[in-house]
Amino acid sequence: ADGNATWSDRGLSARLNGVAVDPRDPNTIVAWGNAELWRSRDGGSTWTNALRLLNSSNRRPEVWQAAYSPDGQTLYAGSIDDRGFRMSSDDGATWTLGGQAVGFRGGVQSLAVTAASPALVLICNEAGLQRSSDRGVTFTTIQATCGPLS
């Protein structure tokens with residue numbers, strides 16, 4: 001109401017790495033950091049843990065990146081654990097491992113989706129810059145590093 005001149009505590013007491021808003025519903029927000037992915041359905045007044053998935057070390061993965069597909073059908077989470085990439089089609093209630101690809105390894109450092117094509121997902125990980133055209137089910141390596149495209 002005041003052009004973001006003032007801010008108030010909305011009840012989430014965690015160190016956060018980022019936030020994303022559901023493009024279908026601006027009151028649905030996800031925030032991530034400290035091995036947690038939190039979700040609010042009321043514009044940030046209350047929060048619940050949306051990542052109930054264990055990695056191979058039986059620890060919750062530390063989420064570094066998250067994003068909604070532009071059509072809001074898929075929520076993606078990229079973590080730094082050994083499995084790296086997860087997707088949810090039910091707003092975080094259940095998760096599926098994604099990123100099945102030759103050379104897919106390690107955690108996700110960056111994650112991007114595009115409004116031009118909701119099925120397109122780009123990630124940067126130890127294998128380099130990778131592209132998926134099927135909402136993150138499979139990836140192919142575009143280049144071996146995550147620097148500028150050549």
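Residues numbered from 1 in each chain as written. Predicted model: local features only at pLDDT ≥ 70, side-chain atom pairs only at ≥ 80, totals over all residues. Heavy atoms only, no water.

S.K.: Outline the environment of A116, supporting the account with residue identities and numerical values.
M.R.: By the element assignment, A116 lies in the loop between β9 (108-114) and β10 (117-125). Taking the C-alpha atoms as reference, A116 lies 8.4 Å from P70; in sequence the two are 46 residues apart. (Helix = DSSP H or I, 4+ residues; strand = E, 2+ residues; numbered from the N terminus.)

S.K.: So what about the packing of aromatic side chains? Which residues, and what values?
M.R.: Within this structure, the stated rule accounts for two aromatic pairs. Each ring, one from Y76 and one from F85, has its centre 5.7 Å from the other, and the planes form 25 degrees; the classification is stacked. Residue classification places F85 among the buried residues on the basis of a relative accessible area of 0%. Between F85 and F139, the ring centres sit 5.2 Å apart and the planes meet at 85 degrees, which makes this aromatic pair edge-to-face. Of this pair, F85 sits in strand β7 (residues 85-88) while F139 sits in the loop between β11 (128-132) and β12 (140-143); the two residues are 54 residues apart in sequence, bridging distant segments of the chain. F139 shares its class with F85; the two are buried. (Phe/Tyr/Trp six-rings, centres within 6.5 Å; stacked < 30°, edge-to-face > 60°. Buried < 20%, exposed > 50% of the residue type's maximum accessible area, 1.4 Å probe, protein only.)

S.K.: Residue-level account of the sheet that holds strand β6 (residues 75-79), with values.
M.R.: Taken in spatial order, the four strands of this open sheet run β5-β6-β7-β8, and their pairing is antiparallel. Unpaired on one side and paired on the other, β5 (63-68) and β8 (96-97) mark the two borders of the sheet. Looking at chain direction, β5 and β6 are connected through five bridges and run antiparallel. When the bridges of β6 are listed, Q65 appears paired with G78. (Pairing = 2+ DSSP bridges.)

S.K.: Talk me through the sheet that holds β12; I want residue IDs and the actual numbers.
M.R.: Spatially, the four strands line up as an open sheet ordered β9-β10-β11-β12, and their pairing is antiparallel. A single partner strand is all that each edge strand has here, and the edge strands are β9 and β12. Averaged over all neighbouring strand pairs, the angle between strand axes comes to 30 degrees, with direction disregarded. Bridge count for β9 against β10 is six bridges, and the pairing is antiparallel. The residue bridging L111 from the neighbouring strand is I123, located in β10. (Axes fitted to C-alpha atoms, helices over the stretch in contact; angles between N-to-C directions.)

Any link to function would need more than the numbers given here.
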